[in-house]
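Architecture at a glance
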Amino acid sequence: MPLISVAVPVPFLDPLTYNVPDSIALPPIGARVRVPVGTRTLTGCVVQHDALVEEGTDVKDIAEALDREPLLPATVVDLCRWVAEYYVSGIGDALAVAMPPGSRGRANAFKKQRVAMLSVLGSDPGDGATQPAASPHHRGLTPRQEAALAVLAGASAGLPVSALRERGVTAAVLAGLARRGLVVLRDEQDDRDPFERAAMADVVPDAARELTDEQQLAAGELFALADAGEFRVALLHGVTGSGKTELYLRLAQRVCGAGRQVLLMVPEIALTPSVAALFRGAFGTRVAIQHSALSDGERHDQWHRIRRGEVDVVVGTRSAVFAPLDRLGLVIVDEEHDSSYKQEETPRYHGRDVAIVRASRERALVVLGSATPSMESYQNAAAGKYVRITLERRVLDRPLASVRVVNMRTEYADQGPDVVISRDLAAAIAERLVRREQVLVLLNRRGYSTAVFCRQCGDTFECPNCSVSLTVHRGRMNHEDAKGTTRRGWRARCHYCNYSVTVPTACRKCAAPYLEHAGFGTERIEEQLREQFPGARVGRVDRDSVRRKGALAQVLSAFAAGELDVLVGTQMIAKGHDFPRVTLVGVISADVGLGLADFRASERTFQLLTQVAGRAGRGERSGEAIIQTLYPEHYSIQLACRQDYPAFFEREVEFRRRMRYPPFFALVNGVVRGRTFEDAMQQARDVVRRLEPATLAGTFAILGPAPAPLGRLRGEHRVQFFLKGTRRADMRRALLEVAAGMPEIRRRLTIDVDPLSVL
Ligand code: ADP
Ligand code: ZN
């Protein structure tokens, strides 16, 4: 009787055991099967053969085998098992990340997608550019049909119907247009290519470009590591603008030349389209792209191209670590310190760390690249576990930006408490505008103002569901009337649960018309810049401004093309960009992250400031950064000014050692949720009490329980505790044992192994 273990996409559920009846051929590991679970039939994935069950257990038959060949390579199934174990999630959760979209249902995931495109009447087939058949003035078209034509006019290759639906174009609208002959609907055969859709310019790599001496040395070391064909981890610590991307490319070419595949991980593809474009230029169609902003159809097609072995290089975000490659030889993790590699929902894995585990199993080389490595990676290099390769200079001997600090205490004393842009920063911006150079302005806080309160009774605007104050966003309609203390029609929104209300003109409690805005975010800075520099063309990049698909690429390319003078934004503008005409970076407040009750606050601040300063002076003209702060003496700020990573590391590592924090001790964060605080606290106490016996072995300690800094979230109260120790396995085992004894707790307990954020 062939027994198999099957993982099903049910949270926290361990694999289940099934029998394969004689009528069905034994499905291989990684194949999908339909299995009965309770009263339902679900699609699961075979994770093990020869499963064992206790004598007398009632084992059900699988209902159906969906794949003859494994959908997932066995190596990826194994990796998912590791992820589930290490991060204490269910294996189904991990497999759900690894599976291509559309693979869960009964339906054939390979079915073709319906694509809509403008009918090409009147187009010139010669240059391939589609002339929209629909001029803007078709008689009798509804506004929604007009809008649909406008969307399609921007996509010469057509768009999947599913993607159009996301943009508000319904099937009925498309059908109407198809009847009029304006739009063609067809089932697309070819794989959808996200490069084309994103209208990404192909960058032709400059083959003739000579590496600098430093690059040459680094390349030599990296090539030797790659040629050895063994698992190694190299930390490529190169200052901003030192030409790391060029090295990634050459190394990738070498590894592909040797017949192995390359995975290039980036924090967020939309933020660094140039890296993807560079690889596309070098490898052509042998590159696949994997990230969550692709439509399901695109992701599905790209995934299957990889699975069929048609690509040499995968460029993707954290989930690309599960890409179904079977000749993996090199994993590059660009900006390895970036916190977006950590998934903040189950399974709470870290893409970089999973990449290292994967590479160790597939004997691949890992290159971690950063100008500001994580404490973990730098410590591993210092301890000799990783090979450290350093690039200390920018290419072509361009100097690093010079950094100046503006003490905002002095500024407030001289100019009053409402100053947002200091005199020094304003003067520097004005200078750049005259010289037609570009400016980046960073404030890592979005919205217009961060709090509203009544000047008479002190009532504040808090989220009814979460313990945070609501952030005020400027409505698009009220762009002009920006004076005065209250603004009709403005929305106050919770950044955690999305609750939103209109900001009233009078206090809800005392009816006084004195509502005051406090704290400022990127929207306010944008407004201030427009007021102060009327001639300047100002753009903004934050989660709010780029919500619409394609909006981010649009503003970034407008900035790159010189159509904007100043770009304001959150940390999104600090990442990896290479805008040669930026000669000034202004930081409105370096202090945004410093107040957080988080032991990584200093590290994050140092990284953010160093990275954003690194955006200046990357072209021929040298750059300058001006950092506004209330704490000019803080070591994160001081050392970021000097862009002295080693000094920062030395200082920070002592703090971590003394406080017994990572990288010296491992942390596990547990959050218990409850309908009342007492309820959550009581449950958390119960969990902690049951964990206590396991601490007697002395490998870990328990801290808490205590109210979480974010005490209420989405209507639930939160109490947290930490396990801190040297052996994660012991902590995991103890947690699993406790959870097994408290079946109800799993739905209310979130476990985060190696947490990045502990709010
Ligand atoms: P990093 O990723 O280290 O910040 P980049 O890889 O973005 O740096 O390189 C910075 C700039 O220098 C880019 O515009 C890149 O094209 C250019 N560059 C890289 N290597 C060389 C080289 N050997 N010669 C000239 N320019 C180079
Ligand atoms: Zn909320």
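Residues numbered from 1 in each chain as written. Chains lettered and ligands numbered in written order. Predicted model: local features only at pLDDT ≥ 70, side-chain atom pairs only at ≥ 80, totals over all residues. Heavy atoms only, no water.

1. Section: the site of ligand 1
Note the threshold: It suffices for a single heavy atom of a residue to lie within 4 Å of a molecule or strand for the residue to be listed as near it. Identification of polar contacts relies on pairs of N or O atoms within 3.5 Å, with a donor-acceptor requirement for protein atoms, meaning one able to donate a hydrogen and the other able to accept it, and with residues adjacent in sequence counted only if both atoms are side-chain atoms. Per-residue accessibility takes into account occlusion by the displayed protein chains alone, with areas from the Shrake-Rupley method and a 1.4 Å probe. Only DSSP runs of H or I reaching four residues or more are called helices, and only runs of E reaching two or more are called strands; each is numbered from the N terminus. Residues are grouped as follows: Ala, Val, Leu, Ile, Met, Phe, Trp, Tyr, Cys and Pro are nonpolar; Asp, Glu, Lys and Arg are charged; every other residue, Gly included, is polar.
The immediate surroundings of ligand 1 are formed by 16 residues, with Glu 210, Gln 215, Gly 241, Thr 245 and Asp 578 found nearest. Interatomic distance of 2.8 Å between a side-chain N/O atom of Lys 244 and an oxygen atom of ligand 1. Here an oxygen atom of ligand 1 sits 2.8 Å away from a polar atom, N or O, in the side chain of Thr 245. Notes on ligand 1: free accessible area 560 Å², of which the protein chains cover 82%. Ranked by the residues each element gives to the shell around ligand 1, the list is headed by helix α8 (residues 244-257), at three residues. Looking at the shell around ligand 1, its residues break down into three nonpolar, seven polar and six charged.

2. Some points on the environment of Asp 67
The test is simple: For this analysis, residues touch if any pair of their heavy atoms sits within 4.5 Å.
Examined against the element boundaries, Asp 67 turns out to sit in the loop between β6 (64-65) and α1 (74-86). Expressed as a C-alpha distance, the spacing of Asp 67 and Leu 630, which sit 563 residues apart in the sequence, is 61 Å. Contact partners of Asp 67, with chain neighbours within four places excluded, come to Pro 28, Ala 31 and Arg 32.

3. Observations concerning the pattern of salt bridges
To keep things clear, this is the line we draw: Definition used for salt bridges: Asp or Glu carboxyl oxygen within 4 Å of a side-chain nitrogen of Lys or Arg. Burial classes: relative accessible area under 20% of the type maximum marks a residue as buried, over 50% as exposed, and values in between as partly exposed (1.4 Å probe, protein chains only).
In total, this model carries 56 salt bridges according to the counting rule given. Glu 230 serves as the salt-bridge partner of Arg 363, at 2.7 Å between the closest nitrogen and oxygen. In this pair, Arg 363 sits in the loop between α11 (351-362) and β15 (365-370) while Glu 230 sits in the loop between α7 (213-228) and β10 (232-238), placing the two residues 133 residues apart along the sequence. The exposure class of Glu 230 is partly exposed, given its relative accessible area of 35%. A salt bridge links Arg 435 to Glu 437; the shortest N-O distance between them is 3.2 Å.

4. Digging into the packing of aromatic side chains
Definition in use: Only the six-membered ring of Trp is used, alongside the rings of Phe and Tyr, when aromatic pairs are assigned; centres must lie within 6.5 Å, and planes under 30 degrees apart are stacked while those over 60 apart are edge-to-face, with the rest tilted. Whether a charge lies above a ring is judged from NZ of Lys or CZ of Arg, which has to be within 6 Å of the ring centre and within 35 degrees of the ring normal.
Under the counting rule described, the total for this entry stands at 15 aromatic pairs. Site record: aromatic cluster; members linked through ring pairs are Tyr 378, Phe 606, Tyr 635, Tyr 645, Phe 648 and Phe 649. Cation over ring: Arg 508 sits above Phe 461, and NZ or CZ is 4.2 Å from the ring centre.

5. Remarks on the coordination of the zinc ion (ligand 2)
The condition is simple: Donor atoms: N, O and S within 2.8 Å of the metal, or within 3.2 Å for Na, K and Ca. Because water is excluded, sites can look incomplete. Note on geometry labels: four donors, all angles 85 to 135 degrees, give tetrahedral; four donors become square planar and six octahedral when opposite donors are over 155 degrees apart and every other angle is between 65 and 115; remaining cases are irregular.
Each protein donor to the zinc ion (ligand 2) is listed here as Cys 463 (SG), Cys 466 (SG), Cys 494 (SG) and Cys 497 (SG); together their distances run 2.2 to 2.3 Å. With four donor atoms in place around the zinc ion (ligand 2) and angles of 102 to 115° between them, the coordination shape is tetrahedral. Coordination of the zinc ion (ligand 2) draws on donor residues from a single chain, spaced C-x2-C-x27-C-x2-C in sequence. Linking Cys 466 in the loop between β19 (451-454) and β20 (471-473) with Cys 494 in the loop between β21 (491-493) and β22 (500-502), this pair joins segments that are 28 residues apart in sequence. Owing to a relative accessible area of 2%, Cys 466 belongs among the buried residues under this scheme. Cys 494 gets classed as buried once you look at its relative accessible area, which sits at 0%.

6. Description of the side chain of Thr 570
Relative to the helices and strands, Thr 570 is located in the loop between β25 (566-569) and β26 (582-587). Setting aside anything within four residues of it in sequence, one finds Thr 570 in contact with Leu 442, Leu 443, Asn 444, Arg 445, Arg 446, Thr 522, Val 541 and Asp 542.

7. Concerning the sheet that holds strand β30 (residues 716-725)
Which entries qualify depends on this criterion: Paired strands are those between which DSSP finds at least two bridges. As a rule, the C-alpha atoms of each element are fitted with a line to give its axis, helices using only the stretch in contact, and angles between N-to-C directions run from 0 to 180 degrees.
An order of β29-β30-β28-β31 is seen for the four strands of this open sheet, with the pairing classed as antiparallel. Either end of the sheet is taken by a strand with one partner, and the two such strands are β29 (700-713) and β31 (749-753). Geometrically, the sheet is characterised by an average inter-axis angle of 20° between neighbouring strands, direction not taken into account. Inspection of the sheet shows strand β28 (residues 666-674) paired to β30 by nine bridges, in the antiparallel sense. Bridge assignment links Leu 667 to a residue of β30, and that residue is Lys 724.

8. Points about α1
This is how the line gets drawn: Expected helix span is computed as 1.5 Å times (number of residues minus one).
Taking 1.5 Å of rise per residue, 13 residues should cover 18 Å, and α1 covers 18 Å from first to last C-alpha, within 8% of that figure. Looking only at α1, the buried set comprises Val 76, Val 77, Leu 79, Cys 80, Trp 82, Val 83, Ala 84 and Tyr 86. The inward-facing, buried residues of α1 abut β4 (40-49), α2 (91-98), α11, α21 (728-741) and β31. Directly after α1, the chain includes Val 88, whose backbone phi takes a positive value near 50°.

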